[in-house]
Amino acid sequence: MLVHICCAVDSHYFLQKLQKDYPGEKLVGFFYDPNIHPYSEYYLRLLDVKRSCKILGIELIEGEYDTENWLEAVRGLEKEPEKGARCEVCFDRRFEVSAQKAAELNETSFTSTLLTSPKKSLKQLKTAGDALAQRFGVSFVAPDYRKASGTQEQNILAKEDQLYRQDYCGCLFGLTMQRDQQQKLADELFVPVSAQIQPESIEARIALYEKRWEVEEEGKAYRIVKQRFLNWRLKFAQLKVRKEVVDAHILPYSTLKNGYTRGKIDHIIGDIHYMSRDEVKFLSLESYNKLLGCNYATVRELIFNPPAFEKEVALRDMLGFSHYDLSSVVVVEEIPANKIELLVESETYADVEEKLLLL
Ligand code: SF4
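Residues numbered from 1 in each chain as written. Predicted model: local features only at pLDDT ≥ 70, side-chain atom pairs only at ≥ 80, totals over all residues. Heavy atoms only, no water.

Let's shift gears to the site of the ligand. Around the ligand sit eleven residues in total, of which Arg-86, Cys-87, Cys-90, Cys-169 and Cys-171 are the nearest. Here the ligand occupies the largest cavity. At five residues, helix 4 (residues 85-104) tops the list of elements feeding residues into the shell around the ligand. In terms of residue class, the shell around the ligand is built from six nonpolar, one polar and four charged. (Near = heavy atom within 4 Å. 1 Å grid on protein atoms, 1.4 Å probe; cavity = no way out; pocket = protein on both sides within 12 Å on 5 of 7 lines; lining within 4 Å. Sits in = over half its atoms within 2 Å of the grid points. Helix = DSSP H or I, 4+ residues; strand = E, 2+ residues; numbered from the N terminus. Nonpolar A, V, L, I, M, F, W, Y, C, P; charged D, E, K, R; others polar.)

What follows is the structure in structure tokens.
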């Protein structure tokens, strides 16, 4: 039986139930989910599915990440709510490719872990699965593993086996709608030009789950714990000196009331050059290099290849600011002697991140 897999939280429980209910059946996992955006999130979910299949001794095949075809299929349905018409097309597309794959591999049946998701309508999934199975000459198996206390058992198992638990369905349309309703920043869709790994970004989660893979290979005991913290994202920044745009690097946790200010440097203490307004501070590239032990020749080089986020946060401590400091700190090659205009559009927000602790 070919088992279409959407994520480890759904598949880990579903596959174990199938192993119990169909003991004579060889199960083959099929990860086909071009609906997952961005690609980094797709990679992360796949990584966790690989781990789950490895634990359960199930072969896994990765389908094509043909996201362009998926986008074409749902064109015009971008504003549909979850469980609406876009989702029907999304299921159909994933089921169609899965049914085709099952036929190609000479399997007689296929099923999908989407059947366990409490966010999906079972009726909707069964209708789509049956129709496509018929077209490709296979059968669609649709067990209801949600009934009784199935969903609860699934959640307990996901916690026990420390699976990666995503908090959105998959596509950028569902994600942006969900974040709008939550009045939360869709930070999953942010990637800085510097490629610096931001806290609680998908890239940070990939690093954690890849580390977990290594730790498990080495047989070390660990625990993934959660913590609440203040997160930050820079949306846009620009420095102008005498109306000319100047290269500038903005330190993490820089914020600016109303996003804009202007003024001039009015005093210097140590390495810090204080602007006359809005708590803005300037630091020369020379001081930055000295304090962090770096060797950047230009600010542009720093912008595109900065040190780790945590190292830059530690710089704020070195400068003597409090842990709660949210002043804009701007690194420049030459401290401006003339009229300064600064734009910093950033957001700070309460967030939850995971940490891997070795026991
Ligand atoms: S919300 Fe989920 S099921 Fe619906 S279209 Fe997006 S990825 Fe597919």
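Bringing the packing of aromatic side chains into the picture now. Here a ring pair, both rings aromatic, is described through the centre-centre distance and the interplanar angle of the planes. Scanning the model with the defined rule gives 15 aromatic pairs in all. Each ring, one from Phe-30 and one from Tyr-32, has its centre 6.0 Å from the other, and the planes form 10°; the classification is stacked. For the pair Phe-30 and Tyr-32, a shared accessibility class is recorded, and that class is buried. Chaining the aromatic ring pairs together yields one cluster made of Phe-31, Tyr-39, Tyr-42 and Tyr-65. Note that Arg-45 overlies the ring of Tyr-168, its terminal NZ or CZ placed 5.0 Å from the centroid. (Phe/Tyr/Trp six-rings, centres within 6.5 Å; stacked < 30°, edge-to-face > 60°. Buried < 20%, exposed > 50% of the residue type's maximum accessible area, 1.4 Å probe, protein only. Lys NZ or Arg CZ within 6 Å of the ring centre and 35° of its normal.)

Ranked by size, the top nonpolar core spans 45 residues in total, and within it Leu-15, Phe-95 and Phe-110 carry the most contacts. Elements with a minimum of two residues in this core: strand 1 (2-5), helix 1 (8-21), strand 2 (28-31), helix 2 (39-56), helix 4, helix 5 (122-136) and helix 6 (150-160). If we skip the residues at most four places from it in the chain, Phe-110 touches Met-1, Leu-2, Phe-95, Ser-98, Ala-99, Ala-102, Gly-129, Ala-133, Val-138, Ser-139, Phe-140 and Val-141. By size, the runner-up hydrophobic cluster in this structure holds 17 residues, among which are Leu-292, Cys-294, Ile-303 and Leu-319. (Core = buried A, V, L, I, M, F, W, Y, C linked by side-chain atoms within 4.5 Å. Contact = heavy atoms within 4.5 Å.)

The strand order across the open sheet formed by five strands is 8-13-12-11-10, and the pairing between neighbours is mixed. The sheet terminates laterally at strand 8 (249-250) and strand 10 (265-269), the two strands that pair on one side only. As defined by bridge partners, strand 10 adjoins strand 11 (residues 272-275) across four bridges and the pair is classed as antiparallel. If you follow His-267 over to strand 11, its bridge partner there is Tyr-274. The sheet strands contacting helix 9 (residues 285-292) are strand 8, strand 12 (281-284) and strand 13 (329-332), and the helix crosses strand 12 at an angle near 75°. (Pairing = 2+ DSSP bridges. Axes fitted to C-alpha atoms, helices over the stretch in contact; angles between N-to-C directions.)

Take the domain arrangement of the protein next. Considered domain by domain, the protein is made up of domain 1 (2-189) and domain 2 (229-352). Between domain 1 and domain 2, the C-alpha centre-to-centre distance is 44 Å. (Domains from an automatic or database assignment.)

A volume near 770 Å³ is recorded for the largest pocket. Lining of the largest pocket is provided by 29 residues; of these, Pro-199, Phe-309, Glu-310, Glu-353 and Lys-355 occupy positions nearest its centre. Among the secondary structure elements, those contributing two or more residues to the lining of the largest pocket are helix 8 (202-217), strand 6 (222-241), helix 11 (309-318) and strand 14 (340-358). Split into classes, the residues belonging to the lining of the largest pocket amount to 15 nonpolar, four polar and ten charged. Estimated volume of the second largest pocket: approximately 590 Å³. Taken together, 25 residues make up the lining of the second largest pocket; nearest its centre are Val-193, Leu-234, Ala-237, Ile-250 and Ile-303. Where the lining of the second largest pocket is concerned, the elements lending two or more residues are strand 6, strand 7 (244-246) and strand 8. Examining the composition of the lining of the second largest pocket, we find that eight residues originate from one element, strand 6, more than from any other. Looking at the lining of the second largest pocket, its residues break down into 16 nonpolar, five polar and four charged. (Points joined across faces, edges and corners; volume = space filled by probe spheres on them.)

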